[in-house]
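Descriptive structure summary
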Amino acid sequence: MNLEEFIKKLREKLAILEEKEIEDIIEEYTGYIEEKVQNGKTEEAIADFGDMDELVTELLKAYKINVEKNKVEKNALNHIADTFCKWVDRFISVFANKSGSEILKIIIELCIIFCIIAFCKLPFHILEELGYNVFMVFQNGFGRGLFRIWKFLIEMIYLIFGIVLFVKICEKRYFKYEEEPQKEKEAIIPLKKRTEEKQNTEKEQIKKEPRKGFIDFLATICIWFIKFIAIWILFGIGCYILAMAMGSGICIYFIIQGIDYFGIYLSVLMLLCLGVLAFIPLFNFIFNKKNPIKFLLIAFLTSFILLGIGLSYASVELATTEFINEIPNSYNKKIITENVLMNDNIIVFGNIKYELDESINDLKIEFEYYEDLYSLNPDIYEENNRVHIGYNVNHFHWNNKIFNEILRDLKEHRIYNYDMEPKITIYTNQKNIDTLRANKKNWQEQKYWDQEAYYDCLEDLREDGYESLSTSCRNRLLKLK
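Residues numbered from 1 in each chain as written. Predicted model: local features only at pLDDT ≥ 70, side-chain atom pairs only at ≥ 80, totals over all residues. Heavy atoms only, no water.

1. Quick word on the overall build of the chain
Which entries qualify depends on this criterion: Counting from the N terminus, the helices are DSSP H or I runs at least four residues long and the strands are E runs at least two residues long. Working definition: with a 1.4 Å probe on protein chains only, accessible area under 20% of the residue-type maximum means buried, over 50% means exposed, and in between means partly exposed. The contact rule is simple, with two residues in contact once any of their heavy atoms fall within 4.5 Å. All accessibility values rest on the Shrake-Rupley procedure with a 1.4 Å probe; residue burial counts only the protein chains present in the view.
Within the chain, the regular secondary structure consists of 17 helices and nine strands. Buried residues in the chain amount to 33% of all 481 residues. Taking the intrachain contacts of the chain between residues at least 6 apart in sequence as the baseline, contacts between residues at least 24 apart amount to 73%. For the chain, the accessible surface area stands at approximately 31,900 Å², while carbon and sulfur atoms represent 60% of it.

2. Focus on the sheet that holds strand 7 (residues 386-394)
Going by this rule: Paired strands, as defined in this entry, are two strands with at least two bridges between them according to DSSP. To get an axis, a line is fitted to the C-alpha atoms, and for a helix only the part in contact is used. The angle between two axes follows their N-to-C directions and goes from 0 to 180 degrees.
One open sheet accounts for three strands, arranged 3-7-6; its pairing is mixed. Looking at which strands have only one partner, the edges of the open sheet turn out to be strand 3 (347-349) and strand 6 (375-383). On average, each strand axis in the sheet is tilted by 20° relative to the strand beside it, whichever way the strands run. Relative to strand 7, strand 6 is paired through nine bridges, and the arrangement is antiparallel. Across the sheet, residue proline 378 finds its bridge partner in strand 7, namely tyrosine 391. Contacts from helix 15 (residues 430-445) reach strand 3 and strand 7 within the one sheet, and its direction differs from that of strand 3 by about 85°.

3. Side note on the side chain of glutamate 366
Its place among the elements puts glutamate 366 in strand 5 (residues 363-370). Contacts of glutamate 366, omitting those with residues within four sequence positions, involve Ile335, Ile336, Thr337, Lys423, Ile424, Thr425 and Tyr427.

4. Description of the packing of helix 12 (residues 262-286) against helix 13 (residues 293-319)
Let me state the cut-off plainly: Between 65 and 115 degrees an angle is taken as roughly perpendicular, under 35 as roughly parallel, over 145 as roughly antiparallel, and anywhere else as oblique. Two helices cross in a left-handed way if the nearer one is turned anticlockwise from the farther one by less than a right angle. They cross in a right-handed way if the turn is clockwise.
Across the interface, helix 12 lies against helix 13 with an axial gap of 7 Å and an inter-helix angle of 155°. The angle between helix 12 and helix 13 places the two elements in the roughly antiparallel class. Between helix 12 and helix 13 lies a crossing of left-handed hand.

5. Examining the state of the cysteines
In plain terms, the rule: When the sulfur atoms of two cysteines come within 2.5 Å, that pair is taken as a disulfide.
Enumeration over the complete set of coordinates arrives at zero disulfides. Considering cysteine sulfurs only, cysteine 115 is the nearest to cysteine 111, which forms no disulfide, with 6.9 Å between them. Under the relative-accessibility criterion, cysteine 111 is labelled partly exposed at 44%. Residue classification places cysteine 115 among the exposed positions, given a relative accessible area of 52%.

6. Here's the deal with helix 2 (residues 19-38)
We count it as follows: Expected helix span is taken as 1.5 Å per residue step, with the number of steps being one fewer than the number of residues. Comment: arc refers to directions from the helix axis out to C-beta atoms.
The end-to-end C-alpha distance of helix 2, which contains 20 residues, comes to 28 Å, matching closely the 28 Å that a straight helix rising 1.5 Å per residue would cover. Every buried residue of helix 2 is accounted for by Glu21, Ile22, Ile25, Ile26, Tyr29, Thr30, Tyr32, Ile33 and Lys36. Along helix 2, the residues classed as buried sweep out an arc of 165° about the axis, all on the same side. More than 90 degrees from the buried face of helix 2, the exposed residues found are Lys20, Glu27 and Gln38.

7. Description of the sheet that holds strand 4 (residues 353-356)
Across the sheet, which stays open at both edges, the four strands sit in the order 2-5-9-4 with mixed pairing between neighbours. Strands with a single pairing partner mark the edges of an open sheet, and in this sheet they are strand 2 (333-340) and strand 4. Across the sheet, the mean angle separating the axes of adjacent strands is 25° when strand polarity is ignored. Here strand 4 pairs with strand 9 (residues 423-428) via four bridges, running parallel. The residue of strand 9 that forms the bridge with tyrosine 354 is isoleucine 426. This element, helix 15, spans strand 4, strand 5 and strand 9 of the sheet and lies at about 155° to strand 4.

8. Looking at the packing of aromatic side chains
Note the cut-off: Put simply, two rings from Phe, Tyr or Trp (the six-membered ring, in Trp's case) pair if the centres are within 6.5 Å, and we call them stacked under 30 degrees between planes, edge-to-face over 60, tilted for the rest. Either the NZ atom of lysine or the CZ atom of arginine qualifies as a charge over a ring when it sits within 6 Å of the ring centre and within 35 degrees of the ring normal.
In total, this model carries 11 aromatic pairs according to the counting rule given. Measuring from centroid to centroid gives 5.5 Å for phenylalanine 124 and phenylalanine 161, while their planes differ by 45°, and the two rings are tilted. Here the residue phenylalanine 124 occupies a position in helix 7 (residues 121-135), and phenylalanine 161 occupies one in helix 8 (residues 141-175), the gap between them amounting to 37 residues. Judged by its relative accessible area of 31%, phenylalanine 161 falls in the partly exposed class. Where tyrosine 253 meets phenylalanine 254, the ring centres are 6.4 Å apart and the plane angle is 50°; that geometry is what we call tilted. Assessed through its relative accessible area of 22%, phenylalanine 254 is described here as partly exposed. Chaining the aromatic ring pairs together yields one cluster made of Phe124, Tyr158 and Phe161. The ring centre of phenylalanine 285 lies 6.0 Å from the NZ or CZ of lysine 227, which sits over that ring. Note that lysine 401 overlies the ring of tyrosine 331, its terminal NZ or CZ placed 4.8 Å from the centroid.

9. Overview of a nonpolar patch on the surface
Using the following cut-off: Note that patches include only residues with greater than 30% relative accessible area and no salt bridge, and the join distances are 9 Å for like charges and 5 Å for nonpolar side chains (Val, Leu, Ile, Met, Phe, Trp, Tyr). Basic side-chain nitrogens of Lys or Arg form a salt bridge, by our definition, when they fall within 4 Å of a carboxyl oxygen of Asp or Glu.
Residues Ile149, Phe152, Leu153, Met156, Ile157, Leu159 and Ile163 make up a contiguous nonpolar surface patch of roughly 670 Å² in combined accessible area. Summarising the element assignment, phenylalanine 152 is placed in helix 8.

10. Comments concerning the packing of helix 1 (residues 3-13) against helix 4 (residues 52-62)
Short version of the rule: Three classes are used: nonpolar for Ala, Val, Leu, Ile, Met, Phe, Trp, Tyr, Cys and Pro, charged for Asp, Glu, Lys and Arg, and polar for all others, with Gly counted as polar.
The interhelical angle for the contact between helix 1 and helix 4, taken along N-to-C directions, is 50°, at an axis separation of 11 Å. With respect to their mutual orientation, helix 1 and helix 4 come out oblique. Where helix 1 crosses over helix 4, the handedness of that crossing is right-handed. Across the interface between the two elements, Phe6, Lys9, Leu10 and Lys13 from helix 1 touch Met52, Asp53, Leu55, Val56 and Leu59 from helix 4. Across the contact of helix 1 with helix 4, the residue classes break down as six nonpolar, no polar and three charged.

11. Description of the nonpolar core
Spelled out, the test is: Residues enter a nonpolar core if they are buried and are Ala, Val, Leu, Ile, Met, Phe, Trp, Tyr or Cys, with the set joined through side-chain atoms within 4.5 Å.
Core analysis: the biggest nonpolar cluster contains 23 residues, and Val348, Leu363, Leu373 and Ile389 have the highest contact counts within it. Mapped onto this core, the elements with two or more residues apiece are strand 2, strand 5, strand 7 and strand 9. With 18 residues, the next largest nonpolar core counts Phe6, Leu17, Tyr29 and Tyr32 among its residues.

Everything listed here is a matter of coordinates, which is why it stays silent on function.
See the structure below:
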């Protein structure tokens, strides 16, 4: 409630007084509130007056007006409803202006209180079972009827007991120290005949800390355990923020270079903001600081909306980008040739392709790669008529030429695949090709299977298709499915 609303309601409820008396009271209250605001008490300035009806009652009593005659008599139901509403307001006020750690502690304490109340049902359950044993002596409907009445009474008593116990515990733990300072309240009630010394006297209430108990001990343990987990989560979020910050730096560099992927830039920036917004409340919770809930909520919703816009625009940008699964033509290819002697029992392993050349009697192996991007060393070794064909690669010789070409391609919304594997080709005659394939198929048909055979089947499947596989390979892959 702000100052204008407070003065308006107070004027309405004091309408029974004379206009001059009302203006005196309004003037005094306005001055008091403004003085409180100047001293830094903004929210408490009006809240210190307490309930409006009680305040008006005290004012009217000071002017010798019989308040009871002006009240509308309330029935018991209204009284219960008013009491319940006031209790709920007091309960909600417990969570006001609390840090995340303090709120969590209260929630844990409430859970422990509910567990205690649930445990207290044990004696009521014993009474219920006792009634069952007594009333079921009558083996008829009369006995069952008495037992249902007994059970209903026990359940109602337990319900009332649970509510009363919960209310009493809450009043003792949370409401005892939320009472309004009566002496200060009396000091701010304007009375016409009050002396000047009494008007300027304000005494602060010293609140005593409640004694620590078993519930506090359990709640503290739970909070520290949750904080321990939160620290690790906070570390992960910190690493995420660092990665997003680096990504944002790259985006800024691309913008300077004239690369217009603004949807991606906006998405990366909003992902960074969301990481920061997740970091702040978790950090405040660990170190018992208050969270700016309103600011965090507005910032989160804004970042989430902008992220959606950025992702939508980024999808359009990626859809208009050309992805080319090869190396640009500006890079030079290099071929390394190796020769292997052919025999009728040889088996060749590796990711290779066969090319027919009737002029070659042995095996001519060519390694084709891009020397501008990486260096390659053939790795061929023979073991028990098995020829293993592989290579060792030092990937990506990074230089300014590659970097500048990538930037140029991005400006034109074009992306090449610079991670192409070397191409291995075996040149030989048709007889040798048939022999090599037959030898491998016979080897795959053997009962003994090892990891090498399994990966060899996968290579054949990738290169020649399912129809060319041996029966053993097919069965093996079918079992894996």
